[in-house]
Structures are given as structure tokens and as C-alpha cells.
Amino acid sequence: MRPEWSEAKRLVVKIGSSLLVDAATGTLKAAWLQSLCDDIAALRRGDKEIIVVSSGAIALGRNALKLPKGALKLEDSQAAAAVGQIGLAHAYEEVFRSRGLVAAQVLLTLGDTEERKRYLNARTTIARLLALGAVPVVNENDTVATSEIRYGDNDRLAARVASMMSADCLVLLSDVDGFYTAPPGSNADARRLDEVAEITPEIEAMAGDVGSELSRGGMVTKIEAAKIAVAAGTHLVIASGKVLNPLAALCEKGGTWFLARSDPVAARKRWIAGTLEPKGALVVDAGAAAALASGKSLLPAGVTRIAGRFDRGDAVVIRNGDGHELGRGLAAYGHEDTKAIIGRKSGEIAEILGYRGDPELIHRDDMVLKRKV
């Protein structure tokens, strides 16, 4: 068993429509879903956190609405998703409940992972579900997504979710058992790669369209997903989903592993330090500066004043009383709420703001220090 799998604490598992829905009947493959959830239940007993990214709503809904095969108009896809999401959510709820697990449906659009405030809201919700022991089941919200803003495939959606949640490993269950040097259905010399340490132009050139009728993606989109995942410090594996108990089979039969060069926390902190444009600044006292240097989060009590106008989730600079930059981080509150609670104890936040928010202004996982304080 590879350490990328055995040592992972948080896993994202992506399931394509062709694995979950029978192409001939348009109905759910119940036995396959039962076996997958057996695998997930076993992983949960091993104290691993699991997030499922599932396709299938449109495929199920189009059958119920008796829509024709082939490409659908946008409004028909949205209608099919509205019908299919009910059946899909019920199926997951039922199979997880029978195994002592709680399923939670999370519908996302592109803006939920691209816009800072919505990104933080989605991340907080999923993190809380995991902390409470639930299994979040994520899908693109096809009922409201348009052709201009939709992800286009759930491989990339899964990679965005894995990045957002700092997952250790992303599993793409596929029609094929890994990444091949050429499309295996059309090239007898094609061979599976067990490991990809770097996604080079040569690797990208090997990708071909191996999508099936019900899946939007192919190997090209899986490479795009791998780029997103490894940049965020998440290992990605492409493995066969055409067997029962596909996650257990992954341990025995393997797949193709795309390896991240750093862990999710380090990758996230590089992103905060070098990519995001700060929208404001927080000035801290000497006690808070010392606490930050020891690896603690930034609490409201240690902030003496703020500058700029920023929203929840925006990047802000952390400065000491002399104006020197100590680091950067993502604000847990907008500037107005921050102004109201600085210098106060975390236990007073609910009384001041009228709602119970985070105890930290910036959590240590959302912060990177520039230098020794």
C-alpha cells in the first residue's frame, strides 16, 4: 500500500456518471454504490475523512423525464439535474445511513470556489460537516450553472474541492484503470504509467479522449484536474471504478499516481504569501506578535487597529506596531466586524456582533509569516 494512500487523513473521491448510472436503463447501479459505500465506511472506521464528489444527477433525471439520448439543451440539463439530484441524494442518504454514517448534500458552482467570500463559506461548511463525522457528497449545482460559468466536468470540480479542503489525496474513479501512454482502446502498444512525478508537455500529449457517453470528461480533463491538485499539495490517483469495492481494489491493483511536491498546508501558505493581493492590514501588539511566532492563530484581543476595506476571506497584511510586515493571512471577518471586535476577547464576539463567529481573526492554517517576529 502506497504511503500517499495509507498516510492520507483527508480523501476526496470522485465518481463519474458512467460508473454510477446504467447507460442502457438510465437507473442507478445500486450494487456498485453499495460496494463503494462499504469501502467508505471501512475508511471512516480507520479515522479517515472522506468527501465524495458525485456525478449522476443529470443522467438520472433525463431518464425520469424521458429526455432523448445525446447532447441536451442547457435548460433540459438543468431540468434533468433538478429531478436527478433528489434521487441521487436519497440514494446516498439511504446507503450511508444503513452503515451508520450521515450523508450531507453540498451543491457548488464555480463562484463558490473562485470568489473569496463564497470560497470561505463553502470551506467552513464542509470542514464542519467532516468534524461532525458526516460524509459530504458534493456535486456541481447544475440547476443554476450556465454554460458560461459551469465547471464543465466533475474531474476539475473534484480537484477544486480537494484544493479548497487541503485534502491529502484525490481519487478519480474512471472507466480506465490509470493513465496510459496512449488511448488504450486504440493503441495496442499503450502502457499504464504507475507514477507521474511531473506533468510535462509529453505527459499532456499522451492524453486522449476516453470519455464515455454519460461522462463529460476524458483523460484530458483528468490531466487538468491533476495540475490543480498537485499544485495544492494533493496527491491524485486515477483508478478503475468498473469493479465492485473500487477503493479496496485500488489498494491491490493500483492506478496512476500524480505526486504533489509538498503537503497541502505548505502549498496553501505559498498561495497566500505569493498569489493573493492584500486588501487591508491588521496591526498587532507585542504579545500577539510573540504568539504568532510560536505558531498560534491571531485573536481579536491582540489587534490594535486595522486599515483598508476587506471582506471575509480576503488576504490581509499583519504588521507590528512599528509598521513592519510580519506575515499575511485570510481574514475570518470583514473590515466592519473586525473593527468592532479588535482588542476584545473571543468569548465576547457573539455579544458584540450578534452571531457566533470564529474565535480567531486569522487561523494559523490561513496564515504565513514573512520572517521571525
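It should be emphasised that the depicted structure is a prediction, and the values quoted were computed from it without experimental measurement.

(A) Focus on the side chain of asparagine 320. Position of asparagine 320 among the secondary structure elements: in the loop between β13 (315–319) and β14 (325–330). In this structure the side chain of asparagine 320 is engaged in a polar contact, spanning 3.0 Å, whose partner is the backbone nitrogen of histidine 324.

(B) Quick peek at the pairing of β13. Most of β13 sits out of view: 4 of its 5 residues are buried. As judged from the 5 bridges shared by β13 and β14, these two strands associate in the antiparallel manner. Bridged to valine 316 within β14 is glycine 329. Between β13 and β14, which follow one another and run antiparallel, lie 5 residues, and glycine 323 among them has a positive phi close to 90 degrees.

(C) Spotlight on the sheet that holds strand β3 (residues 103–108). With mixed pairing, the 8 strands of this open sheet are ordered in space as β3-β4-β2-β1-β5-β9-β10-β8. Single-partner strands in this sheet number two, and they are β3 and β8 (195–196). Taken together, the 6 bridges between β3 and strand β4 (residues 135–140) define a ladder with parallel strand orientation. In the sheet register, leucine 108 faces β4, and the bridge partner there is glutamate 140. Helix α3 (residues 30–45) rests against β1 (10–15), β2 (49–54), β4 and β5 (169–174) of the sheet, and its axis sits at about 155 degrees to β2.

(D) Fine view of the nonpolar core. With 37 residues, the main nonpolar core has Trp5, Ile15, Tyr92, Val171, Leu173 and Leu247 as its most contacted residues. Element by element, the count of residues in this core is highest for α3, at 7 residues. In this structure, Val138, Met164, Met219 and Ala229 belong to the second largest nonpolar core, which totals 35 residues.

(E) Inspection of unusual backbone geometry at higher detail. At lysine 66, a residue that is not glycine, the phi angle is positive and equals roughly 60 degrees. You can see lysine 66 is positioned in the loop between α4 (57–64) and α5 (74–97). The backbone of asparagine 245 sits at a positive phi, close to 50 degrees, despite the residue not being glycine.

(F) Local environment of the packing of aromatic side chains. Scanning the model with the defined rule gives 3 aromatic pairs in all. Seen from their ring centres, tyrosine 92 and phenylalanine 96 are 6.1 Å apart, and the 20 degrees between their planes marks the pair as stacked. Separated by 4 residues within a single helix, tyrosine 92 and phenylalanine 96 lie in helix α5, roughly one turn from each other. The pair tyrosine 92 / phenylalanine 96 is uniform in exposure class, with both members buried.

(G) Representation of the sheet that holds strand β11 (residues 280–284). Across the sheet, which stays open at both edges, the 5 strands sit in the order β12-β11-β13-β14-β15 with mixed pairing between neighbours. One side of each edge strand has no neighbouring strand; the edge strands of this open sheet are β12 (303–308) and β15 (367–369). For this sheet, the mean angle separating the axes of adjacent strands, direction not counted, is 20 degrees. Bridge count between β14 and β15: 3 bridges; the pairing is antiparallel. Bridge pairing in β15 links glycine 329 to methionine 367. Lying on the sheet, helix α12 (residues 264–274) is in contact with β14 and β15; it crosses β14 at an angle near 110 degrees.

(H) Expanded view of the packing of helix α8 (residues 154–164) against helix α10 (residues 219–231). Where α8 contacts α10, the two axes come as close as 8 Å, and the packing angle between them is 10 degrees. For the element pair α8 / α10, the angle class is roughly parallel. Only Thr221, Lys222, Glu224, Ala225, Ile228 and Ala229 of α10 make contact with α8, whose side of the interface consists of Asp155, Arg156, Ala159, Arg160 and Ser163. Of the residues contributing to the contact of α8 with α10, the split by class is 4 nonpolar, 2 polar and 5 charged.

Thresholds, definitions, all that
- Residues numbered from 1 in each chain as written.
- Predicted model: local features only at pLDDT ≥ 70, side-chain atom pairs only at ≥ 80, totals over all residues.
- Heavy atoms only, no water.
- Helix = DSSP H or I, 4+ residues; strand = E, 2+ residues; numbered from the N terminus.
- Polar contact = N/O pair within 3.5 Å; in protein donor to acceptor, adjacent residues only side chain to side chain.
- Buried < 20%, exposed > 50% of the residue type's maximum accessible area, 1.4 Å probe, protein only.
- Pairing = 2+ DSSP bridges.
- Contact = heavy atoms within 4.5 Å.
- Axes fitted to C-alpha atoms, helices over the stretch in contact; angles between N-to-C directions.
- Core = buried A, V, L, I, M, F, W, Y, C linked by side-chain atoms within 4.5 Å.
- Phe/Tyr/Trp six-rings, centres within 6.5 Å; stacked < 30°, edge-to-face > 60°.
- Parallel < 35°, antiparallel > 145°, perpendicular 65-115°, else oblique.
- Nonpolar A, V, L, I, M, F, W, Y, C, P; charged D, E, K, R; others polar.

These figures capture arrangement, not role.
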